[in-house]
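Working through the structure, step by step
Now for the letters of each chain:
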Amino acid sequence: MLNSAALQRSSWVVGNWKMNGGLSDNEALLSGLLGLLEDHAGGSVAQCAVAVPAPYLFQSMVRLSGHSVGWGSQDVSAETSGAFTGEFSVAMLQDFEAQFSIVGHSERRARHAETDAVVAAKAVALADAGLVPLICVGESIQVRDSGQAVESVCLQVRHVAQALHAKALLSHAVFAYEPIWAIGTGRSAAPEQAQEMHAAIRRTLSEINAQAAAQIRLLYGGSVKAATAAALAAQPDIDGALVGGASLEAKEFFEIACAMSGE
Ligand code: PGA
């Protein structure tokens, strides 16, 4: 049963391309997706967006401007400018009219040693400029097996949420719960298992700001496929999906967005 707050949260389905694609592959994928959406015009479908590798932001802006699919990046620096070789700023994302950036993906936390403090600074920099920080949280299989999953994930949430709340920016945030053991493994969390975590995340947010907590979209990520998307979307605290592998196929991604439409 959806409560009134859940009804106000429109679903969002974001494709995380990771380090995949190329100019011609991207064109084929985006035109395929736009074509499917056009053919489906008037039908129910979740709001869609793609998180592209930064070199393709210009292509995304040119290809997607004026269409219903949004675009953003997979990471951003919390710094504004200067001697940060290889990084790019929120203002640079704004040059390409990006609407959001993923921050704190587990692949970046693990491979680039990003701490909760770094993730929080990036989220604040984005929200401060009016972009949506899509903040990823999640636990390893070891943490889940030890029974500490909820505690560990809620600690990650609290860290970033408090930093945003201190600047009155919490309502700008979107969180994605991505259990690390479900990413790229083909082993999605069960809908009830994901719901349990999403409810705990929302409780954590409501301890900081109850009004924002009711409005904030909580996406699930980790081996989402068209076949499993509807069961996930039926959970009251799942407001969309962050989709990796399946976002590289236009039809599969489109079908996930349809299944996540909430209707
Ligand atoms: P996956 O990736 O859908 O391929 O599991 C999700 C993610 O890492 O965002």
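All of the points below concern the structure found in this document.

Considering the nonpolar core
Ranked by size, the top nonpolar core spans 71 residues in total, and within it Leu-164 and Leu-205 carry the most contacts. Not counting residues within four places of it along the chain, the set of residues in contact with Leu-205 comprises Val-157, Ala-161, Leu-170, Phe-175, Ala-213, Ile-216 and Leu-218.

A short note on the environment of Asp-75
Here Asp-75 lies in the loop between strand E3 (70–73) and helix H4 (90–95). Looking at Asp-75, the relative accessible area reads 13%, which means it is buried. The spatial distance from the C-alpha of Asp-75 to the C-alpha of Ser-10 is 24 Å, given a sequence separation of 65 residues. Sequence-distant contacts of Asp-75, that is, excluding residues within four places in its chain, are made with Phe-88, Ser-101, Ile-102, Arg-108, Glu-114 and Lys-122. A polar atom in the side chain of Asp-75 sits 3.0 Å from the side chain of Arg-108. Polar contacts involving the side chain of Asp-75 include one to the side chain of Lys-122, which spans 2.9 Å.

Topic: the packing of helix H2 (residues 23–39) against helix H3 (residues 57–64)
The interhelical angle for the contact between H2 and H3, taken along N-to-C directions, is 30 degrees, at an axis separation of 11 Å. Relative to H3, the element H2 is oriented roughly parallel. Regarding H2 and H3, the two cross each other, and that crossing is right-handed. Of the residues in H3, those touching H2 at Leu-23, Asn-26, Glu-27, Leu-30, Ser-31 and Leu-34 are Gln-59, Arg-63 and Leu-64.

With respect to empty space enclosed by the protein
Counting across every chain of the model gives 1 cavity of 30 Å³ or more. Taken as a whole, the largest cavity spans an internal volume of roughly 30 Å³. Taken together, Trp-17, Leu-29, Leu-30, Leu-33, Val-50, Ser-247, Ala-250 and Phe-253 form the lining of the largest cavity. Among the elements of the structure, H2 and helix H12 (250–259) are those that each provide at least two residues to the lining of the largest cavity. The biggest single contributor to the lining of the largest cavity is H2, with 3 residues. Each residue belonging to the lining of the largest cavity can be placed in one class, and the counts come to 7 nonpolar, 1 polar and no charged.

Considerations on the site of the ligand
Every one of the 13 residues lining the ligand counts as a neighbour, but Lys-18, His-105, Glu-178, Gly-184 and Ser-223 are closest to it. With respect to the ligand, the side chain of Lys-18 contributes an N or O atom lying 2.7 Å from an oxygen atom. At 2.7 Å from an oxygen atom of the ligand is found a side-chain nitrogen or oxygen belonging to Glu-178. Protein burial of the ligand: of its 290 Å² of free accessible surface, 95% is covered by the chains. A breakdown of the residues in the shell around the ligand according to their chemical character gives 4 nonpolar, 7 polar and 2 charged.

Some words on unusual backbone geometry
Of note, Glu-97 is a non-glycine position whose phi angle comes to about 55 degrees, a positive value. Here Glu-97 is to be found in the loop between H4 and strand E4 (100–103). We note that Ala-113 has phi near 50 degrees; this positive angle belongs to a residue other than glycine. Judged by its relative accessible area of 61%, Ala-113 falls in the exposed class.

Description of the pattern of salt bridges
The tally for this structure, following the rule as stated, stands at 13 salt bridges. Linking Glu-107 and Lys-18 is a salt bridge whose minimum nitrogen-to-oxygen distance equals 2.9 Å. Taken together, the positions of Glu-107 in helix H5 (residues 106–111) and Lys-18 in the loop between strand E1 (12–16) and H2 put the pair 89 residues apart, joining distant regions of the chain. Between Asp-239 and Arg-202 there is a salt bridge, and its shortest N-O distance comes to 2.9 Å. Residue Asp-239 is located in the loop between helix H11 (226–233) and strand E8 (240–243), and its partner Arg-202 is located in helix H9 (residues 191–208); the two are separated by 37 residues in the primary sequence.

Side note on the packing of aromatic side chains
Scanning the model with the defined rule gives 3 aromatic pairs in all. With 5.2 Å between their ring centres and 80 degrees between their planes, Trp-12 and Phe-100 make a pair best called edge-to-face. Of the two residues, Trp-12 sits in strand E1 while Phe-100 sits in strand E4, which places them 88 residues apart along the sequence. Judged on exposure class, the residue Trp-12 and its partner Phe-100 are both buried.

Describing the pairing of strand E7 (residues 217–221)
Here E7 lies mainly inside the structure; 5 of its 5 residues are buried. Here E7 shows no split at all, with Arg-217, Leu-219 and Gly-221 on one side and Leu-218 and Tyr-220 on the other all buried. As judged from the 4 bridges shared by strand E6 (residues 174–177) and E7, these two strands associate in the parallel manner. Residue pairing in the sheet places Tyr-177 in a bridge with Tyr-220 of E7. Taken together, the 2 bridges between E7 and E8 define a ladder with parallel strand orientation.

Calculation criteria
Residues numbered from 1 in each chain as written. Predicted model: local features only at pLDDT ≥ 70, side-chain atom pairs only at ≥ 80, totals over all residues. Heavy atoms only, no water. Core = buried A, V, L, I, M, F, W, Y, C linked by side-chain atoms within 4.5 Å. Buried < 20%, exposed > 50% of the residue type's maximum accessible area, 1.4 Å probe, protein only. Contact = heavy atoms within 4.5 Å. Helix = DSSP H or I, 4+ residues; strand = E, 2+ residues; numbered from the N terminus. Polar contact = N/O pair within 3.5 Å; in protein donor to acceptor, adjacent residues only side chain to side chain. Axes fitted to C-alpha atoms, helices over the stretch in contact; angles between N-to-C directions. Parallel < 35°, antiparallel > 145°, perpendicular 65-115°, else oblique. Left-handed = near helix turned anticlockwise from the far one by under 90°. 1 Å grid on protein atoms, 1.4 Å probe; cavity = no way out; pocket = protein on both sides within 12 Å on 5 of 7 lines; lining within 4 Å. Points joined across faces, edges and corners; volume = space filled by probe spheres on them. Nonpolar A, V, L, I, M, F, W, Y, C, P; charged D, E, K, R; others polar. Near = heavy atom within 4 Å. Areas by Shrake-Rupley, 256 points an atom, 1.4 Å probe, with all protein chains shown as cover. Salt bridge = Lys/Arg side-chain N within 4 Å of Asp/Glu carboxyl O. Phe/Tyr/Trp six-rings, centres within 6.5 Å; stacked < 30°, edge-to-face > 60°. Pairing = 2+ DSSP bridges.

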